[in-house]
Amino acid sequence: MKIDVLAELATTLEERKSASADSSYVASLHAKGLNKILEKVGEESVETILAAKDAQATGDKKDVIYETADLWFHTLVMLSHLELEPQDILDELARRFNLSGLEEKANRTK
């Protein structure tokens, strides 16, 4: 049986969104608002970047995996807070298949 971890995590995050902030880390983030969630996304982004630099230097990729999981988790909390789902992002990535990255960038509207 294959588990869709992303979908299952999104469901769990939605359930915890309305939980007591005292009993749920996710609920506490939502209670503190978008700025706090974005602060965590930024913090995890920096930690992921540093872990990647260390992994290149040492060859040990364990911390990159750990920090990327934290980054993805907090990004999913952000999406949930904005009433978006992982599928929205997956749909956008699918739309970009067979589209040159340079072409996609040139087609963006400012």
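Calculation criteria
- Residues numbered from 1 in each chain as written.
- Predicted model: local features only at pLDDT ≥ 70, side-chain atom pairs only at ≥ 80, totals over all residues.
- Heavy atoms only, no water.
- UniProt positions renumbered as here; feature names shortened; annotations may be inferred.
- Helix = DSSP H or I, 4+ residues; strand = E, 2+ residues; numbered from the N terminus.
- Rg over C-alpha atoms; globule rule 2.2 N^0.38 Å.
- Buried < 20%, exposed > 50% of the residue type's maximum accessible area, 1.4 Å probe, protein only.
- Contact = heavy atoms within 4.5 Å.
- Areas by Shrake-Rupley, 256 points an atom, 1.4 Å probe, with all protein chains shown as cover.
- Lys, Arg positive; Asp, Glu negative; His and termini not counted.
- Charge placed at Lys NZ, Arg CZ, Asp CG, Glu CD.
- Expected span 1.5 Å × (residues − 1).

As recorded by an unreviewed UniProt entry, the protein carries the name Phosphoribosyl-ATP pyrophosphatase and is attributed to Marinomonas communis. The annotation that UniProt attaches to the protein under Subcellular location (unreviewed entry) is "Cytoplasm". Note on the protein: under the UniProt heading Sequence similarities (unreviewed entry), the record states "Belongs to the PRA-PH family."

Colleague: Would you mind going over the overall build of the protein with me for this structure?
Modeller: Counting its regular elements, the protein contains six helices and zero strands. Ordering the α and β elements of the protein from the N terminus gives α-α-α-α-α-α. Computed over its C-alpha atoms, the radius of gyration of the protein comes to 16 Å, more than 25% above the 13 Å expected for a compact globule of 110 residues. Summarising its shape, the C-alpha atoms of the protein cover approximately 45 × 40 × 40 Å along the three principal directions. When each of the 110 residues of the protein is scored for burial, the buried share is 24%. For the protein, the proportion of contacts with a sequence separation of at least 24, taken over those separated by at least 6, is 56%. With an accessible surface of roughly 8,200 Å², the protein has 57% of that area assigned to carbon and sulfur atoms. Averaging the coordinates of the 14 positive side-chain charges in the protein and doing the same for the 21 negative ones gives two points 6 Å apart.

Colleague: Explain the side chain of Glu44 here, please?
Modeller: Structurally, the position occupied by Glu44 is in helix H3 (residues 34-58). Among all residues touching Glu44, those that are not within four sequence positions of it are Glu67, Asp70, Leu71 and His74.

Colleague: So what exactly am I meant to see when it comes to H3 here?
Modeller: For H3, built from 25 residues, the straight-helix expectation of 36 Å at 1.5 Å per residue is met to within 8% by its first-to-last C-alpha distance of 36 Å. Ile37, Lys40, Val41, Glu44, Thr48, Ala51 and Ala55 are the residues of H3 that are buried. The elements touched by buried residues of H3 are helix H2 (25-32) and helix H4 (62-81). Gly59 lies just past H3 and shows a positive phi near 85 degrees.

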